[in-house]
Amino acid sequence: MSHLLKQYDVHLRTAAEMQGALATERRGPLWIARFEGGHLFVTYSELDDPGAAVSVVSALVADDAAILTAEWRPRSRDHAPRLEDALTRAGFVAGDSESVMIGEASKLINAEPPEGVVVRLLTEPEEMRAALDMQDAVVGGDPSAEPMLTEILARQSRGEPVELWAAEADGRVVSAGRIDPVAGTDFAGIWGGATLPEYRGRGIYRALTAARVRSAMARGARWIHSDSTESSRPILERSGLVKVTETVPWTWERRA
């Protein structure tokens, strides 16, 4: 696992997390990215003074009304003493812990959808919006596909290989997720995977993952990574992916 953890630190932290951003900047140890929809993302390698770092971001969002949401993703192995305390004081709220999974892409491709289910790449904005709304509904949020849809379409227009895939059954999208190759590396990330509760346990998510990974491998990906919820982690583990650390999304939202 130490080899995979080193690969994660070298290829998937800091600069790699800026992929798809409209703009990026460095402020001391922080890497700060602005994404579509007024979303700010903050990452780092190490933080000796997390309180000062959080103050930098708090001042940034206070001075810029265009920033509507902000996110930090500390990892359990990070050196960032008392970061969680500083984030709480700044109004950030912790989400559920997720497992950072890494493994060989070739171990994920041998799955086909069950009878009556079709897995395909989505290319039209309206079908993408429907898939993204389904994902929001599954995770318990208000359907709000526009920011992510805008980001995907903008990145695709710039020639970036991010893709949205869906599994369809009974005339509707029942599972969906993205694949996002990391530029300059052999990695691709699988993100946003969600399946309607009544369609779980049939191998649909595995088939959706296999289709996404095959597409990434065609572009040269050798390794797959994902920040996985507890519902998807066992599926990836059975396919040979390994948990290398944990991450917790801390989010801030501007009040109306």
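Residues numbered from 1 in each chain as written. Predicted model: local features only at pLDDT ≥ 70, side-chain atom pairs only at ≥ 80, totals over all residues. Heavy atoms only, no water.

A.B. asks: I would appreciate a short explanation of unusual backbone geometry in the present structure.
C.D. replies: The phi torsion of most residues other than glycine is negative, and most of the peptide bonds are trans. One non-glycine residue, T14, adopts positive backbone phi at about 55°. Its location among the elements puts T14 in the loop between α1 (2-11) and β1 (23-27). We classify T14 as buried; its relative accessible area is 14%. A positive phi angle, near 55°, is found at D170, a position not held by glycine. If you trace the backbone, D170 turns up in the loop between β8 (163-169) and β9 (172-181). Overall, the relative accessible area of 64% leaves D170 in the exposed class. (Helix = DSSP H or I, 4+ residues; strand = E, 2+ residues; numbered from the N terminus. Buried < 20%, exposed > 50% of the residue type's maximum accessible area, 1.4 Å probe, protein only.)

A.B. asks: Looking at this structure, I do not really get the nonpolar core. What am I missing?
C.D. replies: Most often, soluble globular proteins keep nonpolar side chains buried together rather than apart. Residues V119, V174, I179 and I224 are the most contacted members of the largest nonpolar core, which totals 38 residues. Contributing elements (two or more residues each) for this core: α4 (125-139), α5 (146-157), β8, β9, β10 (187-195), α6 (204-218) and α7 (233-238). In contact with I179, other than residues within four places in its own chain, are P161, V162, E163, W165, A188, G189, I190, R212, V213, A216 and I224. In this structure, V42, A80, F92 and W252 belong to the second largest nonpolar core, which totals 21 residues. (Core = buried A, V, L, I, M, F, W, Y, C linked by side-chain atoms within 4.5 Å. Contact = heavy atoms within 4.5 Å.)

A.B. asks: Please explain helix α2 (residues 50-63) as it appears in this structure.
C.D. replies: Because an α-helix completes one turn every 3.6 residues, residues spaced three or four positions apart along the sequence face the same direction. Across its 14 residues, α2 extends 20 Å between first and last C-alpha, which sits within 8% of the 20 Å expected from 1.5 Å per residue. Listed in full, the buried residues belonging to α2 are P50, A53, V54, V57, L60 and V61. Within α2, the buried residues cover an arc of 115° as seen down the axis, which keeps them to one side. With respect to the buried face of α2, the exposed residues turned more than 90 degrees away are A62 and D63. (Expected span 1.5 Å × (residues − 1). Arc of directions from axis to C-beta.)

A.B. asks: Just to check I follow, could you spell out the sheet that holds strand β7 (residues 118-121) for this structure?
C.D. replies: Taken in spatial order, the seven strands line up as β7-β8-β9-β10-β11-β6-β12 in an open sheet, and their pairing is mixed. Where the open sheet ends on each side, the last strands, each with one partner, are β7 and β12 (242-247). Pairwise comparison of adjacent strand axes, ignoring direction, gives a mean angle of 25° for this sheet. Each of β6 (98-104), β10, β11 (223-228) and β12 is contacted by α1, which is oriented at about 50° to β12, the strand it contacts most. In the packing of α6 onto the sheet, the strands contacted are β7, β8, β9, β10 and β11, and the crossing angle to β9 comes to about 35°. (Pairing = 2+ DSSP bridges. Axes fitted to C-alpha atoms, helices over the stretch in contact; angles between N-to-C directions.)

A.B. asks: What's the story with the sheet that holds strand β2 (residues 30-35) in this structure? I'm lost.
C.D. replies: Strands in a sheet are paired, the pairing made by backbone hydrogen bonds, and the direction either parallel or antiparallel. The sheet built from six strands is open, its strands ordered β1-β2-β3-β4-β13-β5 with mixed pairing. Where the open sheet ends on each side, the last strands, each with one partner, are β1 and β5 (93-94). With five bridges connecting them, β1 and β2 associate as antiparallel partners. Looking at the pairing, R26 lines up with W31 of β2.

Just distances and angles here, no functional claims.
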